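Residue strings, one per chain:
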Amino acid sequence: MAHFDTEYQRLEASYSDSPPGEENLLMHVPEGTKSQWHHIENLDLFFQRVYNLHQKNGFTCMLMGEFFELVQLLFVVGFTVFLANCVDYDVLFANKFVNHTDSSKVTLPDAFLPIDVCSARIRHNAFMIFVLTISGVFWLHRLVKFIYNVCCYWEIQSFYINALKMTMSELPYATWQEVQARIVEIQKEHQICIHKKELTELDIYHRILRFKNYMVAMVNKSLLPVRFRLPVLGDCVFYTRGLKYNFELIFFWGPGSLFENEWSLKPEYKRGGNRLELADRLASRILWIGIANLLLCPVILVWQILYAFFSYTEVIKREPGSLGARCWSLYGRCYLRHFNELDHELMSRLSKGYKAASKYMNCFLSPLLTVVAKNVAFFAGSLLAVLIALTIYDEDVLAVEHVLSSITLLGVCITVCRSFIPDKHMVFCPEQLLRVILAHIHYMPDHWQGNAHRYETRDQFSQLFQYKAVFILEELLSPVVTPIILIFCLRRKSLEIIDFFRNFTVEVVGVGDTCSFAQMDIRQHGHPAWMSEGKTEASIYQQAEDGKTELSLMHFAITNPHWQPPLETTHFISQLKERVHREATGAETHSPSLSESEPRSLVANLVAGPSTLASVHFGRDSSLTNHAAAGLSDGASALRSLSPISSSLHLRGSLSAAHRASGVTSKAMTGSGTDARTVSSGSSAWEGQFTSLVLSEYASTEMSIHALYMHELHKQQSRAELSRHTWHRQESDESSDSVPDEVRSEPNTHSRNFPRSHTFPTTVPSPSAIPTSVSANSGTSTGQEGAKPPSSSQRRHSGPSTDHFGAGGKVSRLARVPMGGWAEDGQAAPKHHEPLPEESSEDEMPPRIHKVA
C-alpha cells in the first residue's frame, strides 16, 4: 500500500499525565538541588494564575476584589428578596395613612413590614424559595472557590517574592514582559518545566491562551454559529458571555468535553476513523446542555435582570447618555484578536482605537433625526428652564406632585437628544478615520476599504463596535437565545467541529496539544495574498482568513523582541521589517535631531514627521508602484493625528528623559538585533514604569505601521490579481470552444479562490469573490519550501492533504478519502486512514483542496 506524508500526521494513542511528547524528555535533577518550584505539574493553570495576579495588581487587590464579589452577590439576592417581600409600598407611595404619636411625617421605617410578616410572605412564596435555594448553592460554590483561590494565589505570591524576586508593591509598576523575562530566566535554575531545558515566550503564551487560541481560530474560520440573517433585522451577530461560557463548557473543560485535561486532546478525537460516532456523541451532548440551559432559563434571566438593574441604574442616573456610548462587542474582541495575544494587549489596542471608532460612527447621524432632536431638545429645555427658575424662587415647588420627576425626565430627554446632534465643527472624513481605526485594530474586511462612507460598512462595523444599550440588551436576552442556538445551530456543526479539532491540533514538546494556527507558521497556515506567496504550502482549507497568521506573527515578534522564531519565520519577519523601514524612511538615515541613545526605527521617523516614501516595486506588475507607499503615508499621517504620543517633541522629550533615567542606550532594531523595548527599567518603580510606557508606545506604533503596510500591499495585490484574471478570462472566453468537456467539469484544478472575508460576507461583487490563476512563479519557490520536513518537535494529527506537483511540474491529482484526507489517484490511502463510507453531504467534509507544491 502506498504511503505519503500528509499535512497533519496522526499520533499513537499512548498518553500519560504529561503533555504529549514529553514522556522521554525528562531531565535528571539531583535531589539536593530541587527547589519548591521544581516540576510544576499543571503549568497551564500555574502560568494563568501568575498572569492573573499580575493583572490584578498583587495578592491584596485580588483578594479584596474576589471578597467583594461574594458580598455583592449576597447583597443582590438579599436586597431583592427584601424589596419583594418586606416593603409596604402603599405606605411608601402615601396610599395608606399612618398614625403617629410624636410626629405627623411619614418616615422610611414606617414602610418596612415586621419581621414575622416578612418571613411568612417568603415562606409562602414557592418561587422565592426556589430562587433562594439556587442562589444559596451558587454562593456556597463561590465561597469554596474563593477559599481555594486564596490558598493557590498565596503560593503564587510566594513564587513572585522568592523565585522572581518581586514584591507585591513592585508588581503594579512592572510590565508583563518583565515578569515573563524573569520566568524564562529562572527556568534554568528551578526547572519549573522538567521536559525542556529552556522556556520560550511562545511556550508561556501557549500555556495561558491554549483554549482562547482555539476560539479565535474557530471565529476566524466561521465555524461558530454567531452570525445570523433575521427577517427584519437582516445580518446580525449574537455572541454573549453566556453563549461563550457554553461554548467553552462543551469544547474544553466541561464533563464529556473534547479535552481530557488542561493540555491534551482526547485520543479518540485525533483519529478520523470514528468521526461520525464522535459527531453524534457531541451533538447529543450539545442537546442536553441546551436543554439544561432551557430549564435554568427563568433563574438565569431573573439574575441577569437584577444584576443589570443594580449595575447600570446608578450609572444611567449619573450619566444618562452612557447608554448611547459604544463599546467593543464580545464578537469584535474575538474577531480582532491575534493568535497568542493576552487580554491586556488586546484591550490596549482596542482602547487606542476607541476614539477614532467613536468619531467614525458619529459621522453617520441621520440629518432628519438631527432636526427632530434639535427641536425636541429646545422644547424640553424650555420646560426645564421654567421649572428650575420656579424652584430657585421658591423651593416649595418641589413638593408639588411629579415636579421632581418631570425635572429628571426632561434632563434625560435633553441628554438623549444631544447625542443625536453632531458637533458643528466635525469634518466628514470616514476614509481617514477608518484607516486610523485599522492602524489600531489591525483587521478589516477587504470590501470596507474605499467604502467607508457607505451605510453598509457602518452597519457591519457596528457589529464590532456596538451601543452599550445593545450590549446590555443582548446579555438580558442571552438566557433565552442561548439554548436555541445550542440546540438548533451548534448541533448541525458537530461534524465540522470534530474535523476542526482533529485537523488543526498540533502537539508541541513541553507544551502539549495546541491549536496549529497558534504556531503562526507561515508555511502551514499562511495566505498567499498576505505576503506569504511562495512561502506557504497551505491550502484554502488551511489558510487563516484576513491575514490572521501573518499579522499575529508580526504582533508577537514586535511585542516579544527576545523571542527567537524558526529560521523560515525569522526570514519572513526580517524581510518585512526591512521593507517597511526602507519604504517608510525613504532609504535615508534617522533624523539628526534624535540623539544616538534613541531608537532609529521607522517609528521614530514616522512619528517625528512625514517621510519620503519610496516606491513599492513588484517585479511582475508595475501598476502597483507607489500605491502601497502612498497608502502607508496616509496611514502614518492619520495615525500621528490620534497617536497617544501626539507630537515629535513630546515623544523625543519623553524618550530622552526615560533613557537618561535608565542610563541605557538603545540600538537600531534592524541593526544589531537589540530592540529598544528590551532595555532595563529605571532606578525606581516610577522611572521604570515611565520608560516601559514610552517604549511600549514605540512597539504599538510600529505594529500599527506594519498592519497598514500589509493591508495596503494586500489591497494592491488584489487589484493586480483582478486585472490579470479579467485578461485571462477574456482569452479563455475566445477559446472556450476548444476546451474539452472533462476540463470544464473541473474549473478550479489550477486555481485558488481569491482571499475573502468569511466573517463579513458581502453581496456586492468584489475582487475577493473572483477566482484567479496561480502564477507560474509561485510553483518553484513553494516546492522548495515544501521539500523541508516538518519539525521534529511537532507532530500533527490526521487531516487533509493536498494536490502536489510531480516531477517536471506535472500535477498528480489527489483523490478524496474519507475523514477529510486525500490520496493520489491509483494509490491507496495511508495505513492509518481507516476506510469509511462516503458521506452524502459535501458540507460534512472539509472542502476539496488544491495545492501548488
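Here goes a summary of the coordinates provided. Not measured: the values here are computed from a predicted model. (Residues numbered from 1 in each chain as written. Predicted model: local features only at pLDDT ≥ 70, side-chain atom pairs only at ≥ 80, totals over all residues. Heavy atoms only, no water.)

1. Thoughts on the nonpolar core
Argument step 1. Counting 129 residues, the largest nonpolar core has Tyr160, Trp176, Phe251, Phe461 and Phe501 as its most contacted members.
Argument step 2. Excluding its chain neighbours within four sequence positions, the residues that come into contact with phenylalanine 251 are Met215, Met218, Leu224, Ser257, Leu258, Phe259, Leu490, Ile497 and Phe501.
Argument step 3. Counting seven residues, the second largest nonpolar core, distinct from the first, contains Leu384, Val403, Ile407 and Ile414. (Core = buried A, V, L, I, M, F, W, Y, C linked by side-chain atoms within 4.5 Å. Buried < 20%, exposed > 50% of the residue type's maximum accessible area, 1.4 Å probe, protein only. Contact = heavy atoms within 4.5 Å.)

2. Details of the pattern of salt bridges
Argument step 1. This structure, assessed with the given rule, holds 22 salt bridges.
Argument step 2. Between lysine 212 and aspartate 343 there is a salt bridge, with the nearest N and O atoms lying 2.9 Å from each other. One end of the pair, lysine 212, is in helix α8 (residues 210–220); the other, aspartate 343, is in helix α13 (residues 343–352), with 131 residues separating them in the sequence.
Argument step 3. Assessed through its relative accessible area of 31%, lysine 212 is described here as partly exposed.
Argument step 4. On the accessibility criterion, aspartate 343 (31% relative accessible area) is partly exposed. (Salt bridge = Lys/Arg side-chain N within 4 Å of Asp/Glu carboxyl O. Helix = DSSP H or I, 4+ residues; strand = E, 2+ residues; numbered from the N terminus.)

3. Examining helix α17 (residues 430–441)
Argument step 1. With 12 residues, α17 extends 16 Å between its outermost C-alpha atoms, agreeing within 8% with the 16 Å of an ideal straight helix rising 1.5 Å per residue.
Argument step 2. Within α17, 10 of the 12 residues are buried, which leaves it mostly tucked inside the rest of the structure.
Argument step 3. Within α17, burial applies to Pro430, Leu433, Leu434, Arg435, Val436, Ile437, Leu438, Ala439, His440 and Ile441.
Argument step 4. Histidine 442, located one to two residues past α17, shows a positive phi value of around 75 degrees. (Expected span 1.5 Å × (residues − 1).)

4. Side note on the environment of tryptophan 263
Argument step 1. Position of tryptophan 263 relative to the elements: it lies in the loop between α9 (241–253) and α10 (275–295).
Argument step 2. Between the C-alpha atom of tryptophan 263 and that of arginine 210, which follows or precedes it by 53 residues, the distance is 7.9 Å.

5. Quick word on the packing of helix α5 (residues 126–163) against helix α6 (residues 176–190)
Argument step 1. Axis separation between α5 and α6 bottoms out at 11 Å; the angle between their running directions is 75 degrees. Judged by the inter-axis angle, α5 sits roughly perpendicular to α6. Across from Phe159, Tyr160 and Ala163 in α5, the residues of α6 making contact are Trp176, Val179, Ile183, Ile186 and His190. (Axes fitted to C-alpha atoms, helices over the stretch in contact; angles between N-to-C directions. Parallel < 35°, antiparallel > 145°, perpendicular 65-115°, else oblique.)

6. So, the packing of helix α14 (residues 354–362) against α17
Argument step 1. Put simply, α14 and α17 touch, their axes get as near as 9 Å, and they point 150 degrees apart. Judged by the inter-axis angle, α14 sits roughly antiparallel to α17. Of the two elements, α14 crosses α17, and the hand of that crossing is left-handed. Residues Ala356, Ala357, Lys359 and Tyr360 of α14 form the contact with α17, whose participating residues are Pro430, Leu433, Leu434, Val436 and Ile437.
Argument step 2. For the contact of α14 with α17, the residue count by class is eight nonpolar, no polar and one charged. (Left-handed = near helix turned anticlockwise from the far one by under 90°. Nonpolar A, V, L, I, M, F, W, Y, C, P; charged D, E, K, R; others polar.)

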